[in-house]
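# Commentary on secondary and tertiary structure
These are the residues of each chain, in order.
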Amino acid sequence: MMIINILAGGPEDLLPDLTEYIEEDAIWVGVDRGVFHLISRSITPAIAFGDFDSVTKAELAVIEDKVTKLKKFIPEKDETDMELALNWALKQQPEKIQLFGATGGRLDHLLANVQLLIHPLNAKTETEIFLIDRYNIAFLKGPGTYTLKKRWDKKYISFVPLTLDVFGITLDGFKYPLKNRHISLGSTLCISNELISDYGTFSFSEGILLVIRSHD
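Reference entry: report on the structure contained in this document. Keep in mind that this is a model prediction, so the values were computed, not measured. (Residues numbered from 1 in each chain as written. Predicted model: local features only at pLDDT ≥ 70, side-chain atom pairs only at ≥ 80, totals over all residues. Heavy atoms only, no water.)

## A look at the pairing of strand β5 (residues 96-100)
Put simply, the rule reads: Here the term buried applies to any residue with accessible area under 20% of the maximum for its type, exposed to any over 50%, and partly exposed to those in between, with areas from a 1.4 Å probe on protein chains only. In DSSP terms, a helix is any run of H or I states spanning at least four residues, a strand is any run of E spanning at least two, and both are numbered starting from the N terminus. One bridge is not enough; two strands pair if DSSP finds at least two bridges between them.
The buried fraction of β5 amounts to five of the five residues, a majority that puts the element mostly inside the structure. With burial as the criterion, each face of β5 is covered, one bearing K96, Q98 and F100 and the other bearing I97 and L99. Alignment of strand β1 (residues 3-7) against β5, held across five bridges, turns out to be parallel. Note on β5: the bridge partner recorded for N5 is Q98. Relative to strand β6 (residues 128-132), β5 runs parallel, the two being bridged by four bridges. Within the sheet, the bridge partner assigned to K96 lies in β6 and is E128.

## Quick notes on the environment of G34
Convention followed: The contact criterion used throughout is that any non-hydrogen atoms of two residues lie within 4.5 Å.
Topologically, G34 is positioned in helix α1 (residues 33-40). Residues G34 and P45, eleven residues apart in the sequence, show an inter-C-alpha distance of 9.9 Å. Apart from the residues lying within four places of it in its own chain, the contact partners of G34 are L7, A8 and G9.

## Details of the pattern of salt bridges
Basically, it comes down to this: Between Lys or Arg on one side and Asp or Glu on the other, a salt bridge is scored when a side-chain nitrogen of the former is within 4 Å of a carboxyl oxygen of the latter.
Taken as a whole and judged by the stated rule, the model has nine salt bridges. Across the pair R33 and E59 runs a salt bridge whose closest N-O atoms are separated by 2.6 Å. Separated by 26 residues along the polypeptide, R33 in helix α1 and E59 in helix α2 (residues 57-66) bring together distant segments of the chain. Residue class for R33 comes out partly exposed when judged on its relative accessible area of 22%. In this structure, the salt-bridge partner of D51 is K77, at a minimum N-O distance of 2.9 Å. With D51 in the loop between β3 (47-50) and α2 and K77 in the loop between β4 (70-72) and α3 (81-91), this residue pair connects regions lying 26 residues apart in the sequence. Connected through salt bridges with shared partners, the residues D51, K77 and D81 form a single ionic network.

Now the structure itself:
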């Protein structure tokens, strides 16, 4: 299974332990200051993207010395550095893409990165994208039925509508179950739920849901 891990330049204190995500077939990609964060952890990215306006000249020199494939862009461009990296990753057709360093700091960057999760849905690809930090794992789902396994390290599960309406949402195996409910953008009905058994299912018939698994 091909996995692509993308590290952006978000606050380091929100990064999970990246050693947990080092796998034999995983490809690492650096984005702007995230490239330097990878190198500092003895992880050499296969490719890097950015305008590198968030690194010093000394740090950029290290990046240029260590990274063979370096895609440099001017700051004035139509896509964020993260979107450029994600578009490249999707073209590789991996089974899974994991985004790190994409939360915290600037709120506009966070919201932009959450919206990037919709790319596989728009492209109708099978690639799954996960946004991961120390406290959260987030992903998007379109209509269907899905199974979630209980995680003791991420016991809270929230479902946030990203479209004006989400219809037919049903939650089975949860502390607060639902049956064929309609929730609208702005609703907090499905925040901070929990599984009551090893597995639970959620389903809905129309809309897009942001699923967030988290802990305090």
